[in-house]
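# Observations on the three-dimensional arrangement
Here's the letter readout for the chains.
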Amino acid sequence: MEIKHESNGQKGRFYYEVDGVEKALMTYSYAGSDKIIINHTEVDASLKGQGIGYKLVEASVEYARDKHIKILPLCPFAAAVFKKKQEYNDTLF
């Protein structure tokens, strides 16, 4: 499974495609140079229960660690994942 990432320096997204069709998406916005705000997560019904949403959040955590930035998860799904996954706390703002 490959989670893809796009960013224009102000906004970005992590997403997952099946046969070239986007089926899962997590969007974020930059808040300054050291923080991103996760504002939306969406997974197609055909992929529910497969952990794709968790993979999107995991990709954002890896990105934050790589770039030495913090994450503010305003999206309810992402916020719930951060509460469950204590190992992500180093990236929380």
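Below is a short write-up of the structure.

Conventions we followed
- Residues numbered from 1 in each chain as written.
- Predicted model: local features only at pLDDT ≥ 70, side-chain atom pairs only at ≥ 80, totals over all residues.
- Heavy atoms only, no water.
- Pairing = 2+ DSSP bridges.
- Helix = DSSP H or I, 4+ residues; strand = E, 2+ residues; numbered from the N terminus.
- Axes fitted to C-alpha atoms, helices over the stretch in contact; angles between N-to-C directions.
- Contact = heavy atoms within 4.5 Å.
- Salt bridge = Lys/Arg side-chain N within 4 Å of Asp/Glu carboxyl O.
- Buried < 20%, exposed > 50% of the residue type's maximum accessible area, 1.4 Å probe, protein only.
- Core = buried A, V, L, I, M, F, W, Y, C linked by side-chain atoms within 4.5 Å.
- Polar contact = N/O pair within 3.5 Å; in protein donor to acceptor, adjacent residues only side chain to side chain.

A few words on the sheet that holds strand β5 (residues 70–73). A sheet is described by the order of its strands in space; here five strands give the open sequence β1-β2-β3-β4-β5, paired in mixed fashion. Taken across any chain shown, the strands that pair with only one partner, and hence form the sheet edges, are β1 (4–7) and β5. Neighbouring strand axes in the sheet, compared pairwise and without regard to direction, differ in orientation by 30° on average. Summarising the sheet, strand β3 (residues 21–30) and strand β4 (residues 35–43) pair through seven bridges and their orientation is antiparallel. Directly across from M26, in β4, lies its bridge partner T41. This element, helix α1 (residues 52–67), spans β1, β2 (11–18), β3, β4 and β5 of the sheet and lies at about 40° to β3.

On to the pattern of salt bridges. A side chain with one charge may pair with a side chain of the opposite charge, provided their charged atoms come close. According to the stated counting rule, one finds five salt bridges in the structure shown. The salt bridge partner of E6 is R13, with a shortest N-O separation of 2.9 Å. The class of E6 is partly exposed, set by a relative accessible area of 38%. Between K55 and E58 there is a salt bridge; the shortest N-O distance is 3.8 Å. Separated by three residues within a single helix, K55 and E58 lie in helix α1, roughly one turn from each other. Relative accessible area serves as the criterion here: at 28%, E58 is assigned to the partly exposed category.

On to the nonpolar core. F14, I38, V57, I71 and F82 are the most contacted members of the largest nonpolar core, which has 23 residues in total. Those elements that provide at least two residues to this core are β2, β3, β4, α1 and α2 (76–84). No other element matches α1, which puts seven residues into this core. In this view, F14 contacts I3, K4, H5, A24, L25, M26, Y28, L56, A59, S60 and Y63; residues no more than four positions away in its chain are not counted.

What follows is about the side chain of S29. Residue placement: S29 occurs in strand β3. Among the polar contacts listed, one links the side chain of S29 to the side chain of N39, at a separation of 3.3 Å. With near-sequence residues (within four places) excluded, S29 lies in contact with Q10, K11, K35, I36, I37 and N39.

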